[in-house]
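Structure assessment
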Amino acid sequence: MFLVGLTGGIATGKSTASNMFRRLGAYVIEADQVSRDVVKPGLPAWCKIREEFGGDVFLEDGQLNREEMGRIIFSDSTRRKQLNAITHPEIRKAILWQLLICFLKGYQFVILDIPLLFETRSMLSLLSFIIVISCTERQQLQRLMARNGFSKEEAESRIKSQMPLTEKCRMANYVVDNSGTEEMTEKQIVDLFRKFNRSKLHWPIRILGWTVIAFFVWIIAKLVNLFL
């Protein structure tokens, strides 16, 4: 099984691309959904956030107030780093567990939708390919304002808090142009899906993976026999 990173800028169309891959039959792990899961009430990240940021960033039912948290971290880079230091390790662990399950189920490849892939750099070493979803700067700004109800200044601040999209495109293996129609974007996604399906890259990785698993099983069996 090999891993394909999917990223881009805020409001460039990553979710649209993820859904297209999913409809084609690919297994997609969305870091945004994982990030929501790891801060559910009572979990380790939730407790650490409460200690670090206080109770004002939570709703009455105990759920994280993502809008309030967003307001805080996008206006203060230090607070943003504090939140990332809390959530990113938990997000990585949750993703790795999902990847292990996918490997055992025999998936040929998995799409990892990670908005801040290049900013965090934590998963880069695991990826065989990286796809960046791109559009024009004007479209990105307009889409973000329309989607989130931001003013122009708020939208520009969110965009500037991330690595420039042009730089991400230079670091990608594949760039999907999402500045045209949905059909044009879908054609590019279908072409990539077929390319990944034709790839034989998963075989050496799968053989290595099963070899490692067999080795650990052998070690455990030896230890069991030793103490029986």
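Residues numbered from 1 in each chain as written. Predicted model: local features only at pLDDT ≥ 70, side-chain atom pairs only at ≥ 80, totals over all residues. Heavy atoms only, no water.

1. Regarding the packing of helix 1 (residues 14-24) against helix 10 (residues 182-198)
Formally: Under this scheme, a helix contributes an axis fitted over its contacting stretch, all axes are lines through C-alpha atoms, and angles between N-to-C directions fall in the 0 to 180 degree range. For helices the rule is a DSSP run of H or I covering at least 4 residues; for strands it is a run of E covering at least 2, with both sets numbered from the N terminus onward. Orientation is classified from the angle alone, with under 35 degrees giving roughly parallel, over 145 giving roughly antiparallel, 65 to 115 giving roughly perpendicular, and any other angle giving oblique. By convention the crossing between two helices is left-handed if the near helix lies anticlockwise of the far one by an angle smaller than a right angle, and right-handed if it lies clockwise. The criterion used for residue contact is that any of the two residues' heavy atoms lie within 4.5 Å.
Two numbers describe how helix 1 lies on helix 10: the axes approach to 10 Å, and their chain directions differ by 50 degrees. Taken together, the axis directions place helix 1 and helix 10 in an arrangement best described as oblique. The chirality of how helix 1 crosses helix 10 is right-handed. Contacts from Ala17, Met20, Phe21, Arg23 and Leu24 in helix 1 reach Glu182, Thr185, Glu186, Ile189, Val190, Leu192, Phe193 and Phe196 in helix 10.

2. A closer look at the pairing of strand 1 (residues 2-8)
Defined as follows: Summary of the burial criterion: residues with accessible area below 20% of their type's maximum are buried, those above 50% are exposed, and those between are partly exposed, where the area comes from a 1.4 Å probe applied to protein chains only. We treat two strands as partners when DSSP finds at least two bridges between them.
Of all 7 residues in strand 1, 7 are buried; the element is thus mostly enclosed. Neither face of strand 1 is left uncovered, since the one carrying Phe2, Val4, Leu6 and Gly8 and the one carrying Leu3, Gly5 and Thr7 both have all their residues buried. Sheet topology places strand 1 next to strand 3 (residues 109-113); 5 bridges connect them, and they run parallel. By the bridge assignment, Val4 is partnered in strand 3 with Ile111. Relative to strand 4 (residues 129-134), strand 1 runs parallel, the two sharing 5 bridges. For Thr7, the partnering residue across the bridge sits in strand 4 and is Val132.

3. Here's the deal with the pattern of salt bridges
A side chain of one charge can pair with a side chain of the opposite charge if their charged atoms are brought near each other. Counted only if it meets this: We define a salt bridge as a side-chain nitrogen of Lys or Arg found within 4 Å of a carboxyl oxygen belonging to Asp or Glu.
Applying the stated criterion to the full structure yields 7 salt bridges. The salt bridge involving Glu30 is made with Arg22; its shortest N-O contact spans 2.9 Å. For Lys40, the salt bridge is made with Asp37, and the minimal N-O distance between the two is 3.7 Å. When its relative accessible area of 42% is taken as the criterion, Lys40 is described as partly exposed. On the accessibility criterion, Asp37 (29% relative accessible area) is partly exposed.

4. Points about the confidence of the model for the chain
We apply this condition: The pLDDT value expresses, per residue, how confident the predictor is, ranging between 0 and 100.
Looking at the chain, the pLDDT average stands at 89 and 89% of residues meet or exceed 70. Strand 5 (residues 174-177) holds the highest mean pLDDT among the elements of the chain, 98, whereas helix 11 (residues 202-227) holds the lowest, 63.

5. Things to note about the side chain of Arg158
For Arg158, the position within the fold is in helix 8 (residues 152-160). Among all residues touching Arg158, those that are not within four sequence positions of it are Ile10, Gly70, Arg71, Phe74, Leu144 and Phe150.

6. Observations concerning a nonpolar patch on the surface
Our working definition: Like-charged residues are merged into a patch within 9 Å and nonpolar side chains (Val, Leu, Ile, Met, Phe, Trp, Tyr) within 5 Å, provided each residue has over 30% relative accessible area and no salt bridge. Here the accessible surface of atoms and residues is derived via Shrake-Rupley with a 1.4 Å probe, and residues count as covered only by protein chains that are part of the display.
Among the surface-exposed residues, Trp97, Leu100 and Leu104 lie close enough to one another that they form a single nonpolar patch of about 340 Å² accessible area. Assignment of secondary structure puts Trp97 in helix 5 (residues 77-105).

7. Describing the packing of helix 3 (residues 44-53) against helix 5
As a reminder of what qualifies: Three classes are used, and their members are as follows: Ala, Val, Leu, Ile, Met, Phe, Trp, Tyr, Cys and Pro are nonpolar, Asp, Glu, Lys and Arg are charged, and the others, Gly among them, are polar.
One way to put it is that helix 3 packs onto helix 5 with a least axis distance of 9 Å and a crossing angle of 165 degrees. With respect to their mutual orientation, helix 3 and helix 5 come out roughly antiparallel. Along this stretch, helix 3 crosses helix 5, giving a crossing that reads as right-handed. Contact residues: Pro44, Ala45, Lys48, Ile49, Glu52 and Phe53 in helix 3; Arg79, Gln82, Leu83, Ile86, Thr87 and Glu90 in helix 5. Residue composition of the contact of helix 3 with helix 5, grouped by class: 6 nonpolar, 2 polar and 4 charged.

8. Let's talk about the pairing of strand 3
Counting buried positions along strand 3 yields 5 of 5 residues, so the element is predominantly enclosed. The sheet contact formed by strand 2 (residues 27-30) and strand 3 spans 4 bridges and is parallel. Note on strand 3: the bridge partner recorded for Tyr27 is Val110.

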